[in-house]
Amino acid sequence: MKLIVMSDSHSDQETIQAIRNRETGADAFFHCGDSELAVDADILQGMEIVQGNCDWNAAFPESVVAEVDTQKVLMVHGHQHGVKQSLMQLKYAAEQVNANIVLFGHSHLYGAELQDGVLYVNPGSTLLPRGGRVATYAVIEQEDSLKVTFRSPDTGEAVEKVIFTTN
């Protein structure tokens, strides 16, 4: 399984296209909101996407639940789940839909953690990173372990890798 996750691209279609061109062989593409693009934008076709707090005139769903391979994925933007304070509200949302993977954005800070068998991933921002970090998107892969690689949207080079053993 290979998932490509991006967020907070704020109208930057060129970067979205570069990521899509680079990440061939992905099982699914996800955008965690604040694309600031129209729902029918060509660049978003075939991509799961949610409404962010800066997507004022769009009609994206507030959340998406998708099944990819053996994983159930919940995606939200995060602004309605208090993600800048804690993951508690996301944990409750994941339990409600029995999600194995939770994707969210909003804070523009990349990170991944495994809590009670659920993987939480914030891909960061492809355009406006915060906290002194670089712009990123995430690649989630599962084989024997669950691996999250945060990559530079400009070069595709790994910024950081996190590997979780799922035994």
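Residues numbered from 1 in each chain as written. Predicted model: local features only at pLDDT ≥ 70, side-chain atom pairs only at ≥ 80, totals over all residues. Heavy atoms only, no water.

Colleague: So what exactly am I meant to see when it comes to the side chain of Asp8 here?
Modeller: The topology assignment puts Asp8 in the loop between strand E1 (2-6) and helix H1 (13-22). At 6.6 Å, Arg130 is the nearest oppositely charged side chain to Asp8, a buried residue that forms no salt bridge. In this structure Asp8 touches His31, Gly33, Asp34, His77, Gly105, His106, His108, Gly124, Ser125, Thr126, Leu127 and Leu128, once residues within four positions along its chain are discounted. (Helix = DSSP H or I, 4+ residues; strand = E, 2+ residues; numbered from the N terminus. Buried < 20%, exposed > 50% of the residue type's maximum accessible area, 1.4 Å probe, protein only. Lys, Arg positive; Asp, Glu negative; His and termini not counted. Salt bridge = Lys/Arg side-chain N within 4 Å of Asp/Glu carboxyl O. Contact = heavy atoms within 4.5 Å.)

Colleague: I tried to follow the pairing of E1 on my own but got confused; where do I start?
Modeller: In regular strands, side chains alternate between the two faces of the sheet. Within E1, 5 of the 5 residues are buried, leaving the element largely enclosed by the surrounding structure. Residues Lys2, Ile4 and Met6 point to one face of E1 and Leu3 and Val5 to the other, with burial holding for every one of them. Note: E1 against strand E9 (residues 137-142), 4 bridges, orientation antiparallel. Pairing of Ile4 across the sheet is with Val139, part of E9. Relative to strand E2 (residues 28-31), E1 runs parallel, the two being bridged by 4 bridges. Looking at E2, one finds that Ile4 is bridged to Phe29. Note on the crossover from E1 through H1 to E2: the handedness is right-handed. (Pairing = 2+ DSSP bridges. Right-handed = clockwise from strand over helix to strand, strands pointing away.)

Colleague: Is there a simple way to explain the sheet that holds E1 in this structure?
Modeller: Strand pairing in a sheet takes place through backbone hydrogen bonds and is either antiparallel or parallel in direction. Read across the open sheet, the 6 strands follow the order E3-E2-E1-E9-E10-E11; overall the sheet is mixed. A strand with exactly one partner marks an edge of an open sheet, and here the two such strands are strand E3 (48-49) and strand E11 (158-164).

Colleague: Got a minute to help me understand the environment of Lys91 in this structure?
Modeller: Along the chain, Lys91 falls in helix H2 (residues 88-97). Owing to a relative accessible area of 22%, Lys91 belongs among the partly exposed residues under this scheme. Lys91 sits 10 residues away from His81 along the chain, and the two C-alpha atoms are 9.6 Å apart. Not counting residues within four places of it along the chain, the set of residues in contact with Lys91 comprises Gln115, Asp116 and Tyr120.

Colleague: Honestly, the pattern of salt bridges in this entry has me stumped. Any pointers?
Modeller: Side chains that carry opposite charge are capable of pairing whenever their charged atoms lie near each other. Across all of its chains, the model carries 5 salt bridges by this definition. The partner of Arg151 in a salt bridge is Glu23, with the nearest N and O atoms 3.8 Å apart. Separated by 128 residues along the polypeptide, Arg151 in strand E10 (residues 146-151) and Glu23 in the loop between H1 and E2 bring together distant segments of the chain. For Glu23, a relative accessible area of 6% corresponds to the buried category. Three or more residues joined by partner-sharing salt bridges are found here, namely Lys2, Glu23 and Arg151.

Colleague: Help me out: how do you make sense of the nonpolar core in this one?
Modeller: In a soluble, globular protein the nonpolar side chains are often hidden away together inside. In this structure, Leu3, Phe30, Leu103 and Ile140 are the most contacted members of the largest nonpolar core, which totals 24 residues. With residues up to four places along the chain from it excluded, the contact list for Ile140 reads Met1, Lys2, Leu3, Val5, Ile101, Leu103, Leu119, Val121, Leu146, Lys147 and Val148. The next biggest cluster of nonpolar side chains, apart from the first, holds 15 residues, and it includes Ile4, Met47, Ala58 and Val139. (Core = buried A, V, L, I, M, F, W, Y, C linked by side-chain atoms within 4.5 Å.)

Colleague: Help me understand the pairing of strand E4 (residues 63-68), please; the structure alone is not making it clear to me.
Modeller: Side chains Val64, Ala66 and Val68 project from E4 onto a buried face, and the interleaved Ser63, Val65 and Glu67 project onto a face without burial. Of the pairings in the sheet, the one linking E4 to strand E5 (residues 71-76) comprises 6 bridges and is antiparallel in character. Paired with Glu67 across the strands is Lys72, a residue of E5. Hairpin connection, E4 to E5: the antiparallel pair is bridged by 2 residues, and Asp69 has positive phi, about 60 degrees.

The values are spatial; any link to function lies outside them.
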